[in-house]
Each structure stands twice: as structure tokens, then as C-alpha cells.
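Residue-level listing of the chains:
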Amino acid sequence: MRFVVELWFMFRCDSESCEEQQKWPIVYSKSYNVHFCGVEKLHPFDAAKWENIYKRLKELISLNDNEIFLPEEATIQDLLLVHTQRYLNSLKWGWNVASIAEIPLLAFLPNRFIQRCYLRPMRYQTRGSMMAGQLAIDRGWAINIGGGFHHCRKDRGGGFCPYADITLMIESLFKSRPNEVKKIMIVDLDAHQGNGYARDFLGNSKVFIMDVYNSGIYPQDTEAKKAIHCKIELHYYTQDAEYLDKVESCLERSLRAFHPDLLVYNAGTDILEGDTLGRLSITPQGVIRRDELVFMKARERRVPIVMLTSGGYTKQSALVIAESIANLHGLGLISKN
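All figures in this text were calculated on a predicted structure; none of them were measured in a lab.

1. Digging into the overall build of the chain
Alright, step 1. Tallying secondary structure elements over the chain gives 12 helices and seven strands in all.
Alright, step 2. Its C-alpha radius of gyration of 19 Å places the chain within 12% of the 20 Å reference for a compact globule of 337 residues.
Alright, step 3. Principal-axis analysis of the C-alpha atoms places the extent of the chain at approximately 70 × 50 × 45 Å.
Alright, step 4. Buried residues in the chain amount to 58% of all 337 residues.
Alright, step 5. Summarising the internal contacts of the chain: among those between residues at least 6 apart in sequence, 73% fall at separations of at least 24.
Alright, step 6. Of the accessible surface of the chain, which amounts to about 14,900 Å², a share of 52% is contributed by carbon and sulfur atoms.
Alright, step 7. For the chain, the separation between the mean place of its 41 positive charges and that of its 40 negative charges on side chains is 4 Å.

Have a look at this one:
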């Protein structure tokens, strides 16, 4: 009887592994999306961005719902891996969440409403980043259609970022995969400086940070800049040619100086022309080429890469992200198997 049970268990595990191999290492849940009964329209962020990315991506690469990975909601235990209990307790106060989300009206709403409509979707995205990190190690690449909350650190949120998903992903990998993951590189190409994880990893030799951002906008965190190993500060309305040249040269320098076991790519699209928060002038073709460059550099060095979608505040952003991922597929830089 024992032999039969062991044989069944082995077969089940093999079946589960086989089933996972038939999925794209893409992480998404409909629970990512923020719904405030219309209140979200007061915010510059497209609250349906993640859903719109997924819908368009399904059309472009014939993606089915059963071919992606569905994350669960991040638990308190997950969050306490890096966050302080005091910080998590502070998210029970509407005024604090209103400050982080930059929606003043939230200060006057019941916390149960804030938890359900805003913080819960962010916890799903946070768990999605953690799952995507694991998948990237196993499959060579992964994409979380969400996450990239690079302004949140262990004890403080800000800039629309309530949870430190990047720090959480990295620390969970160091803890759970110590033999495979010893060094990690963060390549942050969101228009804004990534100050949250930078403060968390300041002085940590296992984490290399490359950050290319608009120097004239939020957060202008001088202390966090000390953690950046390869830094490029852009001027307002930088265009494609200059931007792509600087990204490529900085990435080459970074990969020559540091040989990571994982590349965490924070692929914000607030660099797009017309994004009033990013204030750069990159075309959709420029974004697609940028993503292509990052994946190409990682894949040719056989460095696993995980992509997070991060910031992007125009309606165009979701479509550009989907088209960029489809382009990566068309070039053979990502594939289902």
C-alpha cells in the first residue's frame, strides 16, 4: 500500500510539473485591478492598466487564461519578511494610505473599503512579483503584469507604492534559493528614481542597482542615490536616440562590472511622450526597442530576467506594454517552453 501511495505521489508531482511547463511564465490575476466605485478616476494612474495589458496580450500571442500563473494574495507573513509590523499597522489609517496613493479622499473612507479596493489588489501584485522571481529562476524569464512598486521601502510607502515588492522578491529569493541566487541586479528604467529598494539595499554588496531616470521629478532622494552603482540622470523631454544610447551603454557597463544570478527589470512606461508625470519624450517604438535591448543583453548572457510593469500613466501605456511583450516573443527572446 505504501508503495502505491508513493508511486501516486510521484506521478502527481510529475503531472503538476508537466502542467506548469505548459504555461507561459507570465503572472497575472484579475484581482490586480483597482476599483473605487469611480474614485479611481481622480487619480492619474489608469486603474484598468493591468487588465488592458492582459486583454491585448491575449490577442497578440494567443494567450489563454489557463496558460498563465495566478498569484495568491500576499499574506502578513509574506510582508513581514521585509516590512516592519509598525509600517503594516500604519496602513490601517486612511490618512496614511491617502498620502501613499496620493488620493486625499481616501482619508475619509472606511479602512475596510480601502483594504478591499486598493490595498488588496496591491497585495496580489506583490505576491505576483514574488512568484515571477521564482519562475524566472526556473524558466529563464518571467513577467509580472503588475508590480514594480519601487518607491516603497521596508518602513515607508510613497509614490503610489504601498508595498516593497522588489525588496520582497529579492529577499525571498536569497532566503529560498541560496545556492542558485547569490547576486541580483536591478535595472530600473521607470521615469522616476527607484528610491525604495535603493534605501533597503544601501551597502548590500549582493545587489547591484542601475537606474536611469528624469532628474527633475519625484522623488529626488539624495540618500537613496548613494546605493546606485550605474546612474544616468536624464533631462526633461529626452528623446529616443539619446535615451536608447544611454540605456545600452549603462547596461553594458553594469553587466561587465557585475555578473548577477537574476536581473530584475523595472520596465516603467511613464517614459512615454505625453506622460505628464514622467516628462520624457520616448515613442512607443522607443519603449519596444528598450525592452528588446534589456532582454537581449540578459538572454545572450544566460542571466534569468524578471520584468515588472511599474509606472505608466497614459491610456496608451497598456497597449505599448502588450505590443512590446509580443515583440519579445516574435524575436524569440521569450517563449512558452
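The discussion continues.
2. Focus: helix 7 (residues 165-176)
Alright, step 1. With 12 residues, helix 7 extends 16 Å from end C-alpha to end C-alpha; this agrees with the ideal 16 Å at 1.5 Å per step.
Alright, step 2. Counting buried residues along helix 7, nine of its 12 residues qualify, which places the element largely inside the surrounding structure.
Alright, step 3. Listed in full, the buried residues belonging to helix 7 are Asp165, Ile166, Thr167, Leu168, Met169, Ile170, Ser172, Leu173 and Phe174.

3. Notes on the nonpolar core
Where a protein is soluble and globular, its nonpolar side chains tend to be buried together.
Alright, step 1. Judged by nonpolar contacts, the single largest core of 110 residues is most densely connected at Val264, Tyr265 and Phe295.
Alright, step 2. With 10 residues, the top contributor of residues to this core is helix 6 (residues 111-139).
Alright, step 3. Setting aside its immediate chain neighbours within four residues, valine 264 contacts Ile166, Met169, Ile170, Ile184, Met185, Ile186, Val187, Val306 and Leu308.

4. Structural notes on helix 5 (residues 94-101)
Alright, step 1. The element helix 5 is extensively covered by neighbouring structure, given that six of its eight residues are classed as buried.
Alright, step 2. Those residues of helix 5 not exposed but buried are Gly94, Asn96, Val97, Ala98, Ile100 and Ala101.
Alright, step 3. On the buried face of helix 5, the contacting elements are helix 4 (85-90) and helix 6.
Alright, step 4. Directly after helix 5, the chain includes glutamate 102, whose backbone phi takes a positive value near 60°.

5. A short note on the state of the cysteines
Alright, step 1. The final tally for this structure, using the stated rule, is one disulfide.
Alright, step 2. Two residues, cysteine 230 and cysteine 250, share a disulfide whose sulfurs are 2.3 Å apart. Residue cysteine 230 is located in strand 5 (residues 230-234), and its partner cysteine 250 is located in helix 10 (residues 240-257); the two are separated by 20 residues in the primary sequence. Here cysteine 230 matches cysteine 250 in class, with each residue buried.
Alright, step 3. Cysteine cysteine 161 remains unbridged, with the sulfur of cysteine 152 as its closest cysteine sulfur at 6.9 Å.
Alright, step 4. Under the relative-accessibility criterion, cysteine 161 is labelled buried at 5%.

6. Regarding the packing of aromatic side chains
Alright, step 1. Here the structure, examined in full by the defined rule, presents seven aromatic pairs.
Alright, step 2. On the numbers, 6.4 Å between centres and 70° between planes, the contact of tryptophan 24 with tryptophan 141 is edge-to-face. Here the residue tryptophan 24 occupies a position in the loop between helix 1 (2-21) and strand 1 (26-27), and tryptophan 141 occupies one in strand 2 (residues 141-144), the gap between them amounting to 117 residues. The same class applies to tryptophan 24 as to tryptophan 141, namely buried.
Alright, step 3. Among the aromatic residues, ring-to-ring pairing joins Tyr28, Tyr32 and Tyr54 into one connected group.
Alright, step 4. The residue whose ring lies beneath lysine 23 is phenylalanine 69, and the NZ or CZ to ring-centre distance is 5.1 Å.
Alright, step 5. Over the ring of phenylalanine 174 we find lysine 206, and its NZ or CZ is 4.1 Å from the ring centre.

7. A few points about the environment of serine 254
Alright, step 1. Its location among the elements puts serine 254 in helix 10.
Alright, step 2. On the accessibility criterion, serine 254 (1% relative accessible area) is buried.
Alright, step 3. Between the C-alpha atom of serine 254 and that of isoleucine 209, which follows or precedes it by 45 residues, the distance is 8.6 Å.
Alright, step 4. Those residues in contact with serine 254 that lie beyond four places of it in its chain are Met185, Phe208, Met210 and Cys230.

8. Observations regarding the pairing of strand 2
Alright, step 1. Residues Trp141 and Ile143 of strand 2 are buried on one face, and the alternating residues Ala142 and Asn144, pointing to the opposite face, are buried as well.
Alright, step 2. Bridge count for strand 1 against strand 2 is two bridges, and the pairing is parallel. Across the sheet, residue valine 27 finds its bridge partner in strand 2, namely asparagine 144.
Alright, step 3. When strand 2 meets strand 7 (residues 305-308), the two strands line up parallel, connected through four bridges. Considered in strand 7, the bridge of alanine 142 is made with valine 306.

9. Some thoughts on the confidence of the model for the chain
Alright, step 1. Residues at a pLDDT of 70 or more form 92% of the chain, whose mean pLDDT is 93.
Alright, step 2. Low pLDDT, under 50, characterises residues 1-9; the predicted model gives this stretch zero contacts beyond four residues in sequence or across chains.

Parameters and conventions
- Residues numbered from 1 in each chain as written.
- Predicted model: local features only at pLDDT ≥ 70, side-chain atom pairs only at ≥ 80, totals over all residues.
- Heavy atoms only, no water.
- Helix = DSSP H or I, 4+ residues; strand = E, 2+ residues; numbered from the N terminus.
- Rg over C-alpha atoms; globule rule 2.2 N^0.38 Å.
- Buried < 20%, exposed > 50% of the residue type's maximum accessible area, 1.4 Å probe, protein only.
- Contact = heavy atoms within 4.5 Å.
- Areas by Shrake-Rupley, 256 points an atom, 1.4 Å probe, with all protein chains shown as cover.
- Lys, Arg positive; Asp, Glu negative; His and termini not counted.
- Charge placed at Lys NZ, Arg CZ, Asp CG, Glu CD.
- Expected span 1.5 Å × (residues − 1).
- Core = buried A, V, L, I, M, F, W, Y, C linked by side-chain atoms within 4.5 Å.
- Disulfide = S-S within 2.5 Å.
- Phe/Tyr/Trp six-rings, centres within 6.5 Å; stacked < 30°, edge-to-face > 60°.
- Lys NZ or Arg CZ within 6 Å of the ring centre and 35° of its normal.
- Pairing = 2+ DSSP bridges.
- pLDDT = per-residue confidence, 0-100.

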